[in-house]
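Tertiary structure, described
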Amino acid sequence: PRRPRRQAKPRDFSTLVALGNAYYDAAQWGDAIGYYTRALNENPSNPDVRTDMGTAYFNSGDSDRALKEFDRALKDAPNHGQTLYNIGVVKMNGKHDPAGAIQAWEKLLKVDPNYKDRTAVEASIADAKTRMK
């Protein structure tokens, strides 16, 4: 009998990421983090997976760990747009730091002027500025 792929290749990066994504989409943050951690053990410098893991930490209530993972992602990819976007979200909503959020979002728009959600980011910056007053 054939074993499931997860058991047959317990260290297969793409399988681990797919499992992490499935748990993420189901809002099962702990399981998502577990699979992302295993995937990052195989490929530690992948900013997409590290950012997804950071977002899972944020969604599970751990803003500090989320920011730690985002910082690590930026060491591997200093201009990673999705990481910069999520730093802004966590600083704004998790840390209540609108100045920090603005800094991340402005860097995002500087390094990626054609960012896919530029209008939403600009609106978030404007909102953060009103919260600083």
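Since we're looking at a predicted model, the values are computed, not measured.

What about the side chain of Thr 83?
Its location among the elements puts Thr 83 in helix H6 (residues 81–94). For Thr 83, a relative accessible area of 0% gives the class buried. Side-chain polar atoms of Thr 83 contact the side chain of Thr 51, separated by 2.5 Å. Once residues within four sequence positions are removed from consideration, Thr 83 is found in contact with Pro 47, Thr 51, Phe 70, Ala 73 and Leu 74.

A closer look at the environment of Val 17
Note that Val 17 resides in helix H2 (residues 13–25). With 18 residues separating them along the chain, Val 17 and Tyr 35 place their C-alpha atoms 6.6 Å apart. Those residues in contact with Val 17, other than ones at most four positions away along the chain, are Tyr 36, Ala 39 and Val 49.

Here's the deal with H6
Compared with the 20 Å implied by 1.5 Å per residue over 14 residues, the 19 Å span of H6 between its first and last C-alpha is a close match. Here H6 has its buried residues at Gly 81, Thr 83, Leu 84, Asn 86, Ile 87, Gly 88, Val 89, Val 90 and Met 92. Among the structural elements, helix H4 (47–59), helix H5 (63–76), helix H7 (98–111) and helix H8 (118–132) are those in contact with the buried residues of H6. Once H6 ends, the next one or two residues include His 96, with phi positive near 55°.

Regarding the packing of aromatic side chains
Here the structure, examined in full by the defined rule, presents 3 aromatic pairs. Here the aromatic rings of Tyr 24 and Trp 29 are separated by 5.0 Å at their centres, their planes lie at 80°, and the arrangement is edge-to-face. Taking 6.3 Å as the distance between ring centres and 25° as the angle between the ring planes, the aromatic pair formed by Tyr 85 and Tyr 115 counts as stacked. With Tyr 85 in helix H6 and Tyr 115 in the loop between H7 and H8, this residue pair connects regions lying 30 residues apart in the sequence. Exposure remark for Tyr 85: the relative accessible area of 23% places this residue in the partly exposed category.

A short note on the nonpolar core
If you look at the biggest cluster of nonpolar residues, it comprises 32 residues, and the most contacted ones within it are Val 49, Met 53, Phe 70, Ile 87, Trp 105, Val 121 and Ile 125. Where this core is concerned, the elements lending two or more residues are H2, helix H3 (29–42), H4, H5, H6, H7 and H8. No other element matches H3, which puts 7 residues into this core. Val 121 has contacts with Tyr 85, Trp 105, Leu 108, Leu 109 and Tyr 115, leaving out every residue within four places of it along the chain.

What counts as what
- Residues numbered from 1 in each chain as written.
- Predicted model: local features only at pLDDT ≥ 70, side-chain atom pairs only at ≥ 80, totals over all residues.
- Heavy atoms only, no water.
- Helix = DSSP H or I, 4+ residues; strand = E, 2+ residues; numbered from the N terminus.
- Buried < 20%, exposed > 50% of the residue type's maximum accessible area, 1.4 Å probe, protein only.
- Polar contact = N/O pair within 3.5 Å; in protein donor to acceptor, adjacent residues only side chain to side chain.
- Contact = heavy atoms within 4.5 Å.
- Expected span 1.5 Å × (residues − 1).
- Phe/Tyr/Trp six-rings, centres within 6.5 Å; stacked < 30°, edge-to-face > 60°.
- Core = buried A, V, L, I, M, F, W, Y, C linked by side-chain atoms within 4.5 Å.

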